[in-house]
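The primary structure of each chain is shown beneath.
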Amino acid sequence: MKQKIIPASANMKEFEQFLKSDFEIGVFLEIHISQLKNIATMAKHAGKKMIYHVDLIQGLKSDDFATEYICQEFKPYGLISTKSSVIQKAKQKHVLAIQRVFLLDSHAIEKSIKLVKRTQPDYIEVLPGAMPWMIAEIKEKLDTPILAGGLIRTEADVENALKAGATGITTSKKELWENFE
C-alpha cells in the first residue's frame, strides 16, 4: 500500500468526501449490511478500492461465512477484523487481510503478537496508533507491515507513527486527509 493516509469513513457524508478525494484506497467503518451494495457500486464508479471493517458491519456476524459472502458479493480490496477466522478466509479469497489489534497492556500485546504470527495477515492495524514507541516495539517483533489507527489527531502524530515504522495511517479525521492528500 503506497498511501500514507487511508481515509476511514463512518457515514455516507464522509464516504462521499472520500470519493471526491485523490485517495485511491479507503476504509468504511460502521455500516449496515443494506448499504454495502450501494457503497461498493459508488466506490467502483469512482475508481476507489474499499476496505471494510467486518466486525463493524451491522446485520452480519463477523465470521468466515460472512467474510466469504462479502468477498463474493462485493469484491473488496481488503477486510479488517480482530478475528482470526475472518483474516484466514480473506487471505483464502485473495483479499487484503488486516488484523486489528489493541495495545491495551503487556498481556494484550503478547497475545496480539502470537495471533499475528499464527494468522499471518497482510497488515496489522494497531490501536491506538498515537503511541510511536509501541509501533516501534511491534515492528521489531513482527515482519508484518503496520497501519496505525486510533487517537491520531495531529500531523505530528502521523509523522511520529510513520517514523516509528508504520507504513500507513487509518484515520477518520478529515483535516489529516486534506493535509496528506
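This structure is a prediction, so every number in the text was calculated from the model and none was measured. (Residues numbered from 1 in each chain as written. Predicted model: local features only at pLDDT ≥ 70, side-chain atom pairs only at ≥ 80, totals over all residues. Heavy atoms only, no water.)

Engineer: Which parts of the structure should I look at to understand the packing of aromatic side chains?
Structural biologist: In this structure the tally under the stated criterion is three aromatic pairs. Plain terms: the ring middles of Phe-15 and Phe-18 are 6.3 Å apart, the flat faces sit at 35° to each other, and that makes the pair tilted. Here Phe-15 pairs with Phe-18, and both are found in helix α1 (residues 12-20), just three residues apart, close to one helical turn. Pair check on accessibility: Phe-15 and Phe-18 agree, each one buried. Members of the aromatic cluster, connected to one another through ring pairs, are Phe-15, Phe-18 and Phe-28. Sitting over the ring of Phe-18, Lys-48 keeps its end group 5.2 Å from the ring centre. (Phe/Tyr/Trp six-rings, centres within 6.5 Å; stacked < 30°, edge-to-face > 60°. Helix = DSSP H or I, 4+ residues; strand = E, 2+ residues; numbered from the N terminus. Buried < 20%, exposed > 50% of the residue type's maximum accessible area, 1.4 Å probe, protein only. Lys NZ or Arg CZ within 6 Å of the ring centre and 35° of its normal.)

Engineer: Teacher, can you tell me more about α1 here?
Structural biologist: A turn of α-helix holds 3.6 residues, and therefore any two residues three or four places apart point the same way. Where α1 is concerned, the buried positions are Glu-14, Phe-15, Phe-18 and Leu-19. End-on, the buried residues of α1 take up no more than an arc of 145°, which puts them together on one face. Seen from the buried face of α1, the exposed residues on the opposite side, beyond 90 degrees, are Lys-13 and Lys-20. Along its buried surface, α1 packs onto β1 (5-9), β2 (25-28), α2 (36-45), β4 (49-53) and α8 (174-180). The distance from a side-chain oxygen at the start of α1 to the backbone nitrogen of Lys-13 is 3.1 Å, and the residue carrying that oxygen is Asn-11. (Arc of directions from axis to C-beta. Contact = heavy atoms within 4.5 Å. Polar contact = N/O pair within 3.5 Å; in protein donor to acceptor, adjacent residues only side chain to side chain.)

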